Amino acid sequence: MPTPVITANALTKKYKDFAAVDGITFEVAPGESFGLLGPNGAGKSTTMRMVGAVSTRTSGDLTILDMDPNEQGPEIRAQLGVVPQADNLDTELRVRDNLLVYGRYFGLPRAVIAKRADELLDFAQLTEKAKAKVDDLSGGMKRRLTIARALINDPRILLLDEPTSGLDPQARHILWDRLFRLKEQGTTLVLTTHYMDEAEQLCDRLVVVDKGQIMAEGSPAALIREHSSKEVLEVRFGSDKNEGASAKLEGIGRLEVLPDRILIYSDNGEAALVEVVKRGLEPITSLVRRSSLEDVFLRLTGRTLIE
Amino acid sequence: MTVTSTRQSSGGVRALYSGNARAVVGRGLLATRSTNWIIVLTGVFEPVFYLLALGIGLGGYIGGVQNAQGDTIPYAAYIAPALLAVSAMNGAIYDSTWNVFFKMHFGKLYQGMLATRLGPLDVALGEISLALLRGAAYGLTFLLVMQALGLNLAWTAVLALPAILLIAFGFASLGMGITSYLKTFQQMDWIQFVMLPMFLFSATFYPLTVYPAPIQWFIQALPLWHGVELVRGLTTGALGPVMLVHLLYFLVMIALGLVFTTRRLRALFLD
Ligand SMILES: Nc1ncnc2c1ncn2[C@@H]1O[C@H](COP(=O)(O)OP(=O)(O)OP(=O)(O)O)[C@@H](O)[C@H]1O
Ligand SMILES: [Mg+2]
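Rules used in this analysis
Residues numbered from 1 in each chain as written. Chains lettered and ligands numbered in written order. Predicted model: local features only at pLDDT ≥ 70, side-chain atom pairs only at ≥ 80, totals over all residues. Heavy atoms only, no water. Near = heavy atom within 4 Å. Polar contact = N/O pair within 3.5 Å; in protein donor to acceptor, adjacent residues only side chain to side chain. Areas by Shrake-Rupley, 256 points an atom, 1.4 Å probe, with all protein chains shown as cover. Helix = DSSP H or I, 4+ residues; strand = E, 2+ residues; numbered from the N terminus. Nonpolar A, V, L, I, M, F, W, Y, C, P; charged D, E, K, R; others polar. Contact = heavy atoms within 4.5 Å. Buried area = accessible area lost by both parts, 1.4 Å probe. Salt bridge = Lys/Arg side-chain N within 4 Å of Asp/Glu carboxyl O. Buried < 20%, exposed > 50% of the residue type's maximum accessible area, 1.4 Å probe, protein only. Pairing = 2+ DSSP bridges. Donors = N, O, S within 2.8 Å, 3.2 Å for Na, K, Ca; no water. Core = buried A, V, L, I, M, F, W, Y, C linked by side-chain atoms within 4.5 Å. Axes fitted to C-alpha atoms, helices over the stretch in contact; angles between N-to-C directions. Domains from an automatic or database assignment.

Enquirer: Just to check I follow, could you spell out the site of ligand 1 for this structure?
Expert: All names here are of chain A. Around ligand 1 there are 14 residues in total, and Gly41, Lys44, Ser45, Thr46 and Gln85 lie nearest to it. Lysine 44 is positioned such that a nitrogen or oxygen atom in its side chain is 2.8 Å from an oxygen atom of ligand 1. Between an oxygen atom of ligand 1 and a side-chain N or O atom of glutamine 85, the distance comes to 2.8 Å. Relative to its unbound accessible area of 630 Å², ligand 1 is 63% covered by the protein chains. Secondary-structure elements contributing two or more residues to the shell around ligand 1 are strand 2 (18-28) and helix 1 (44-51). At three residues, the largest contribution of residues to the shell around ligand 1 is made by helix 1. Each residue belonging to the shell around ligand 1 can be placed in one class, and the counts come to five nonpolar, seven polar and two charged.

Enquirer: Explanation requested: the interface of chain B and chain A in the structure shown.
Expert: Often, the extent of an interface is quoted as the loss of accessible area on bringing the components together. Taken together, the contact between chain B and chain A spans 36 residues of the former and 38 residues of the latter. In total, chain B and chain A occlude about 3100 Å² of area from one another, counting both sides; carbon and sulfur atoms represent 47% of this. Per-residue buried area on chain B facing chain A is highest for Arg14, Arg117 and Asp271 of chain B; these three make up 20% of the total on that side. For the interface between chain B and chain A, the tally reads four salt bridges. Here arginine 49 of chain A and aspartate 271 of chain B are joined by a salt bridge, their closest N and O atoms 2.5 Å apart. Our count for the chain B to chain A interface comes out at 15 residue pairs in polar contact (both at pLDDT 80 or more).

Enquirer: Sorry if this is basic, but what is going on with the pairing of strand 8 (residues 205-210) of chain A here?
Expert: Sheet faces and side chains relate simply in a regular strand, where the side chains alternate between the two faces. Residue and element names in this part refer to chain A. Most of strand 8 is tucked away, with six of its six residues classed as buried. Burial of strand 8 is two-sided: the residues Arg205, Val207 and Val209 facing one way and the residues Leu206, Val208 and Asp210 facing the other way are all buried. Bridging between strand 3 (residues 33-37) and strand 8 involves four bridges; their strand directions are parallel. Pairing of glycine 35 across the sheet is with leucine 206, part of strand 8. As defined by bridge partners, strand 8 adjoins strand 9 (residues 213-218) across five bridges and the pair is classed as antiparallel.

Enquirer: What am I meant to see in the coordination of the magnesium ion (ligand 2) here?
Expert: Octahedral six-donor coordination of a metal ideally yields angles of 90 or 180 degrees, compared with 109.5 degrees for tetrahedral four-donor coordination. Residue and element names in this part refer to chain A. Coordination of the magnesium ion (ligand 2) by the protein is provided by Ser45 (OG) and Gln85 (OE1), with metal-donor distances spanning 1.9 to 2.1 Å. Separated by 40 residues along the polypeptide, serine 45 in helix 1 and glutamine 85 in the loop between strand 5 (80-83) and helix 3 (95-105) bring together distant segments of the chain. Classification of glutamine 85 by relative accessible area gives partly exposed; the value is 38%.

Enquirer: I would appreciate a short explanation of the nonpolar core in the present structure.
Expert: The nonpolar side chains of a soluble globular protein tend to be buried, and buried together. Residues and elements named next belong to chain B. One finds Tyr110 and Phe171 to be the most contacted residues of the largest nonpolar core, which totals 121 residues. Sort the elements by how many residues they give to this core and helix 4 (residues 75-105) lands first, with 18 residues. Look past the residues within four positions of phenylalanine 171 in its chain and what remains in contact with it is Met89, Ala92, Ile93, Ser96, Met198, Pro223, Leu224, Phe250 and Met253.

Enquirer: Is there a simple way to explain the sheet that holds strand 6 (residues 157-161) of chain A in this structure?
Expert: Strand pairing in a sheet takes place through backbone hydrogen bonds and is either antiparallel or parallel in direction. Residue and element names in this part refer to chain A. Sheet architecture is open: six strands sit in the order 5-6-7-3-8-9, paired in mixed fashion. Strand pairing shows two members of the sheet lacking a second neighbour, strand 5 and strand 9, which therefore form its edges. Taken pair by pair, the neighbouring strands of this sheet meet at an average axis angle of 15°, ignoring direction. Against the sheet, helix 5 (residues 139-150) makes contact with strand 5 and strand 6, and its axis sits at roughly 165° relative to strand 5, the strand it touches most.

Enquirer: What's the story with the domain arrangement of chain A in this structure? I'm lost.
Expert: Entries for chain A in the domain assignment read domain 1 (6-224) and domain 2 (229-290). Look at where the C-alpha atoms of domain 1 of chain A and domain 2 of chain A centre, and you get two points 39 Å apart.

Enquirer: Is there a simple way to explain the pairing of strand 2 of chain A in this structure?
Expert: Residue and element names in this part refer to chain A. Relative to strand 2, strand 1 (residues 6-15) runs antiparallel, the two sharing eight bridges. The residue bridging alanine 8 from the neighbouring strand is phenylalanine 26, located in strand 2. Linking two consecutive strands that pair antiparallel, namely strand 1 and strand 2, is a turn of two residues; a positive phi of about 55° is found at lysine 16 within it.

Enquirer: Teacher, can you tell me more about the pattern of salt bridges here?
Expert: A side chain of one charge can pair with a side chain of the opposite charge if their charged atoms are brought near each other. Within the structure shown, the criterion is met by 26 salt bridges over all chains. The salt bridge involving arginine 14 of chain B is made with glutamate 75 of chain A; its shortest N-O contact spans 3.5 Å. Taken together, the residues span two chains, with arginine 14 of chain B in helix 1 (residues 13-16) and glutamate 75 of chain A in helix 2 (residues 69-77). Judged by relative accessible area, which is 47%, arginine 14 of chain B ranks as partly exposed. Three or more residues joined by partner-sharing salt bridges are found here, namely Glu234, Arg236, Asp260, Arg261, Arg289 and Asp295 of chain A.

Quick look at the structure:
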């Protein structure tokens with residue numbers, strides 16, 4: 001196995017007495033696409049900031065590209081591309097200048113930056129907006145510019161904190177496509193998300209994080225296999241009747257009773273539905289689907305990802 | 001599994017500096033294109049107006065003033081170097097206080113910069129240099145006006161140029177250092193509250209000897225007085241060993257400002 005590019009061991013970040021990240025341990029291999037999946041406040045961004053060498057850990061060990069962020073922050077950051085959760089583009093500069101100036105922060109020669117800036121504008125489909133003001137871009141365009149900016153130093157690791165949050169489905173798909181290409185080119189990706197479809201699309205391997213701790217680790221498929229059934233039957237009886245109906249559903253499969261629906265975990269969803277009807281229950285709606293990371297998360301934490 | 005607790009603020013220079021402050025300056029110059037030029041021009045002309053109104057106008061009534069060496073010099077030539085120091089100060093303060101305050105609290109510029117190879121010392125040095133450049137530009141303009149009006153009395157006036165660089169550097173550095181610790185608009189207003197009396201009373205318009213001794217000491221502790229005396233010595237040709245004290249004062253001011261700004265940037269953006 002090649003030497004990991006990121007090694008975190010019992011990594012902890014405390015704000016006063018509160019542990020935002022509470023002793024997490026993981027490794028990321030070169031070229032791998034690694035995800036942190038978790039609900040609001042899980043500690044994803046805090047972890048990303050420590051890995052990005054912009055936040056000092058309280059305890060534990062962290063090695064990035066064989067360096068310690070406490071000692072060699074600038075040298076580590078020189079090799080990283082960072083897409084923060086909230087865009088921090090330079091609003092006083094125009095689109096292309098954002099790329100040029102950012103490249104200068106890395107001490108790169110102007111000629112190299114200029115060439116890359118044009119390639120990246122193309123990559124981000126922003127060539128026509130090169131001279132536009134940042135404030136005049138749409139949310140999706142800003143996000144793409146932020147990603148393009150993060151690539152100006154040809155980073156070995158790209159850190160993406162919720163790259164597609166707040167974007168419409170079409171904009172998300174464009175972004176996924178761009179990220180997929182980077183992955184194919186061998187860039188190591190570390191991303192956080194609370195969209196399970198995003199995690200399934202982009203991550204080779206991920207950790208499920210909750211309250212600053214790792215709940216499970218594995219590839220999306222393995223996690224689903226391990227922590228959920230093949231299929232899920234979703235039934236709705238109406239908000240106030242779900243609770244009562246659940247009593248009669250015992251034994252068909254593992255149950256999760258949510259405020260608006262009941263989930264029944266079974267390797268054969270259709271068969272489970274037949275059984276439900278046989279027991280004299282009449283769901284208003286029913287749906288059989290494959291298990292997803294959402295189900296894994298629910299199983300592990302008892303909570304849904306997006307509240 | 002052992003938990004090694006980490007040394008909080010180790011790292012040394014390698015964690016703070018990548019030798020690339022010029023990239024920060026470059027960014028500032030590019031962003032300056034969208035500057036409000038009216039404000040810049042006001043900053044340049046304000047001291048010139050004082051010089052014309054007080055130096056030439058009022059000076060006509062007053063006649064001459066004695067300089068440090070007891071020679072009588074025209075009133076305008078007495079206050080001009082003080083106003084020169086003031087214009088360098090104003091330029092430097094303009095960028096290093098309000099501009100920095102907004103960037104610290106409302107923009108995410110520094111956050112973005114510090115996610116790159118730049119360290120907090122690069123950012124501090126770059127931003128301070130930018131403020132220093134504005135101070136130097138204001139000062140240079142004023143120095144040319146003085147030359148045109150024949151108010152540079154000695155050849156040593158050419159040394160006023162490096163002197164105003166030093167003064168601008170000092171004010172830029174301390175200004176940013178202090179601003180980086182301020183959190184509210186009220187606190188920012190205090191800067192203005194200190195600047196105005198300092199401008200009026202730092203031997204700008206009349207010699208310090210008019211004050212009782214304790215007040216003299218107090219004013220001599222303030223940075224502008226050192227700037228005024230340094231520049232006045234150079235443009236009027238009244239030099240003395242005390243110039244070295246002024247020089248030292250500004251060097252300490254620069255160092256302090258850099259240390260505090262770097263610390264603060266680190267605490268805020270690399271917590
Ligand atoms: N600077 C800070 N000071 C105090 N507490 C903080 C700070 N930054 C984060 N926290 C706390 O740490 C916890 C984890 O925050 P973090 O931003 O890492 O969560 P997250 O997983 O990224 O959540 P989200 O999905 O909402 O972005 C939260 O409870 C948050 O309030
Ligand atoms: Mg977050």
